[in-house]
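Understanding the architecture of this molecule
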Amino acid sequence: MMGRAMIAIAGVIGLAACGSEPAANEAAADNSGGLRLASSAFGDGDPLPAQFTCDGDNISPPLEFRGVPAGTRSFVVTMDDPDAANGTYRHWGAYNIPAYKPQLRAGAGLPSSGSAQQVVNSKGEQAYIGPCPPEGSGPHRYRFKLYALSKEQLEMAADEGVASLQTAASTHALGEATLIATYE
């Protein structure tokens, strides 16, 4: 009896020791069954390179979707700044990204990119708007959020914003993942 208990304890310890840290450019999976959002341009919690901000080219960074749940028919990607002085600033919302394209290239948030449909950001534009925090405000966090959807097409009105897109995506989400960048 004592031998079986020791083997069971050793097995649990062995399983715990086998856990692996996510790669530098991957967000840790949340409770969604392993969906992860990654970028070749920055790692989770790292500074966003200037080219993806108002100090650079102001284009969206490349994003990769990993651990995609079975049954995924499309994706939604959003980006917001919860540290903005007047409440969460919503920088971007892209939707109806086909399931067979588990990635977005750099610049996919440009209005003419054709990579996905986009909703209105806090500036009132259907496009990606890069970080541009006020000088002296310290580092801001920028949350890129990925939703894997069971629905192929979301129907969004032309004037709907990122918050509405996040609500609609949550309704059909098979999984969600977050990748955070900082910028000041």
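Residues numbered from 1 in each chain as written. Predicted model: local features only at pLDDT ≥ 70, side-chain atom pairs only at ≥ 80, totals over all residues. Heavy atoms only, no water.

1. Side note on the state of the cysteines
Considering all chains together, one arrives at 1 disulfide under this definition. Between the sulfur atoms of Cys-54 and its disulfide mate Cys-132 the distance is 2.1 Å. Judged by the torsion about the S-S bond (80°), the Cys-54/Cys-132 disulfide is right-handed. With Cys-54 in the loop between β1 (36–38) and β2 (63–66) and Cys-132 in the loop between β6 (117–118) and β7 (140–149), this residue pair connects regions lying 78 residues apart in the sequence. (Disulfide = S-S within 2.5 Å. Helix = DSSP H or I, 4+ residues; strand = E, 2+ residues; numbered from the N terminus.)

2. Things to note about unusual backbone geometry
Of note in the backbone geometry, Asn-58 takes a positive phi value of approximately 55° without being a glycine. Among the secondary structure elements, Asn-58 is positioned in the loop between β1 and β2. Since its relative accessible area comes to 27%, Asn-58 is described here as partly exposed. Phi is positive for Asn-96, close to 60°, though the residue is something other than glycine. Structurally, Asn-96 is set in strand β4 (residues 89–98). (Buried < 20%, exposed > 50% of the residue type's maximum accessible area, 1.4 Å probe, protein only.)

3. Observations concerning the layout of surface pockets
If you add up the space inside the largest pocket, you get close to 160 Å³. The wall of the largest pocket is formed by Asp-81, Ala-84, Ala-85, Tyr-89, His-91, Ile-129, Gly-130, Cys-132, Pro-133, Pro-134, His-140 and Tyr-142. Those elements that place two or more of their residues in the lining of the largest pocket are β4 and β7. In the lining of the largest pocket, the residues fall into 8 nonpolar, 3 polar and 1 charged. (1 Å grid on protein atoms, 1.4 Å probe; cavity = no way out; pocket = protein on both sides within 12 Å on 5 of 7 lines; lining within 4 Å. Points joined across faces, edges and corners; volume = space filled by probe spheres on them. Nonpolar A, V, L, I, M, F, W, Y, C, P; charged D, E, K, R; others polar.)

4. Some remarks on the packing of aromatic side chains
Inspection of every chain in the model, using the stated rule, returns 3 aromatic pairs. Centre to centre, the rings of Phe-42 and Phe-144 are 5.7 Å apart; their planes meet at 40°, and the pair counts as tilted. Placement of the pair is Phe-42 in the loop between β1 and β2 and Phe-144 in strand β7, with a sequence separation of 102 residues. What makes Phe-144 buried here is its relative accessible area of 0%. Considering the side-chain rings of Trp-92 and Tyr-128, the 5.4 Å spacing of their centres and the 90° angle between planes classify their relative orientation as edge-to-face. Pair noted here: Trp-92 is in strand β4 and Tyr-128 is in the loop between β6 and β7, with a separation of 36 residues, a long-range link. Using a relative accessible area of 5% as the deciding quantity, one classes Tyr-128 as buried. (Phe/Tyr/Trp six-rings, centres within 6.5 Å; stacked < 30°, edge-to-face > 60°.)

5. Here we look at helix α2 (residues 162–172)
Looking at α2, one finds that the buried residues are Val-162, Leu-165, Gln-166 and Ala-169. Considered in projection along α2, the buried side chains sweep an arc of 100° and stay on one side of the axis. Opposite its buried face, α2 presents the exposed residues Thr-167 and Thr-171, each directed more than 90 degrees away. Here the buried face of α2 lies against β3 (74–81), β4, β7 and β8 (173–183). (Arc of directions from axis to C-beta. Contact = heavy atoms within 4.5 Å.)

6. Comments concerning the confidence of the model for the chain
Looking at the chain as a whole, its pLDDT mean stands at 84, while 81% of the residues score no less than 70. Across residues 1–32 the pLDDT falls below 50, and counting only partners more than four positions away or on other chains, this stretch makes 30 contacts in the model. (pLDDT = per-residue confidence, 0-100.)

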